[in-house]
Amino acid sequence: MGYSLVQAMALLNEGKDLEAESLLLTPQEGPLEAERLALLGFVEARRGNLQAYRALALEAAQRAQTPLTLYHLGLALPPRAGALALEEALRRTEDPQAQGRLALALARTLRRLGRLREALDYAALAHARGFTPSAL
């Protein structure tokens, strides 16, 4: 991941959306461009523009299916389709922190679908990777 994208993600984690957005305005090349679009979509979602989030997440995943683009696609889609994208993202990453974030998102999504046993399994994985609802 490019340096400006890493910085933007850190700013988003701190709730500094405007600062993050300013870093995300510069187009990137290849998979970094897809991840930039996914993060721009996330900024839109925080503003309440879920349609823009879904459109940007779809475009990002069409450009490159990285764990980050699939994560945002999974959050932007309805739960049934979102769970598939999140599961694929989890399969594609070896980063423990990303695994925790994805497992927690999957637990929440599967709970919404009534798949409670699977949700508990993913919640346990998220907890093992240091992600719990209080951590967010």
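Provided above is the structure to which this section pertains.
Our subject in this report is the structure included herewith. Here the structure is a predicted model, which is why all the values come from computation and not from measurement.

Rules behind the numbers
- Residues numbered from 1 in each chain as written.
- Predicted model: local features only at pLDDT ≥ 70, side-chain atom pairs only at ≥ 80, totals over all residues.
- Heavy atoms only, no water.
- Helix = DSSP H or I, 4+ residues; strand = E, 2+ residues; numbered from the N terminus.
- Rg over C-alpha atoms; globule rule 2.2 N^0.38 Å.
- Buried < 20%, exposed > 50% of the residue type's maximum accessible area, 1.4 Å probe, protein only.
- Areas by Shrake-Rupley, 256 points an atom, 1.4 Å probe, with all protein chains shown as cover.
- Lys, Arg positive; Asp, Glu negative; His and termini not counted.
- Charge placed at Lys NZ, Arg CZ, Asp CG, Glu CD.
- Axes fitted to C-alpha atoms, helices over the stretch in contact; angles between N-to-C directions.
- Parallel < 35°, antiparallel > 145°, perpendicular 65-115°, else oblique.
- Left-handed = near helix turned anticlockwise from the far one by under 90°.
- Contact = heavy atoms within 4.5 Å.
- Nonpolar A, V, L, I, M, F, W, Y, C, P; charged D, E, K, R; others polar.
- Expected span 1.5 Å × (residues − 1).

This part covers the overall build of the protein chain. A tally of regular secondary structure across the protein chain gives eight helices and zero strands. Starting at the N terminus, the α and β elements of the protein chain follow one another as α-α-α-α-α-α-α-α. For the protein chain, the C-alpha radius of gyration of 14 Å lies close to 14 Å, the compact-globule estimate for 136 residues. Dimensions along the principal axes, computed over C-alpha positions, put the protein chain at roughly 45 × 25 × 25 Å. Per-residue burial for the protein chain yields a buried fraction of 46% across its 136 residues. Total accessible area on the protein chain stands at roughly 7,600 Å², and carbon and sulfur atoms take up 53% of it. Across the protein chain, the centroid of the 16 positively charged side chains sits 8 Å from that of the 15 negatively charged ones.

Attention shifts here to the packing of helix H3 (residues 31–46) against helix H5 (residues 67–76). Geometrically, a packed helix pair is captured by the angle between its two axes and the distance between the axes. The N-to-C vectors of H3 and H5 enclose an angle of 30°; their axes lie 9 Å apart at closest approach. In this view, H3 runs roughly parallel relative to H5, as classed from their interaxial angle. Considering the relative orientation of H3 and H5, their crossing is left-handed. On H5, the residues touching Ala34, Glu35, Ala38, Leu39 and Phe42 of H3 are Leu68, Thr69 and His72. When the residues that make up the contact of H3 with H5 are grouped by side-chain class, the tally is five nonpolar, two polar and one charged.

Position of Ala119 relative to the elements: it lies in helix H8 (residues 116–128). Taking relative accessible area as the criterion, Ala119 reaches 7% and is therefore assigned buried. For Ala119 and Thr109, which are 10 residues apart along the polypeptide, the C-alpha to C-alpha distance reads 7.7 Å. Those residues in contact with Ala119, other than ones at most four positions away along the chain, are Ala107, Leu110 and Arg111.

Before going further, it helps to examine H3. Each α-helix turn comprises 3.6 residues. Residues three or four places apart therefore point the same way. The terminal C-alpha atoms of H3, which comprises 16 residues, lie 23 Å apart, in line with the 22 Å expected from a rise of 1.5 Å per residue. Within H3, 12 of the 16 residues are buried, leaving the element largely enclosed by the surrounding structure. Inspection of H3 places Glu33, Ala34, Glu35, Arg36, Leu37, Ala38, Leu39, Leu40, Gly41, Val43, Glu44 and Ala45 among the buried residues, and these make up the whole buried set. Turning to H3, the residues buried within the fold contact helix H1 (3–13), helix H2 (17–23), helix H4 (50–63) and H5. Positive backbone phi, at 95°, marks Gly48, one or two positions downstream of H3.

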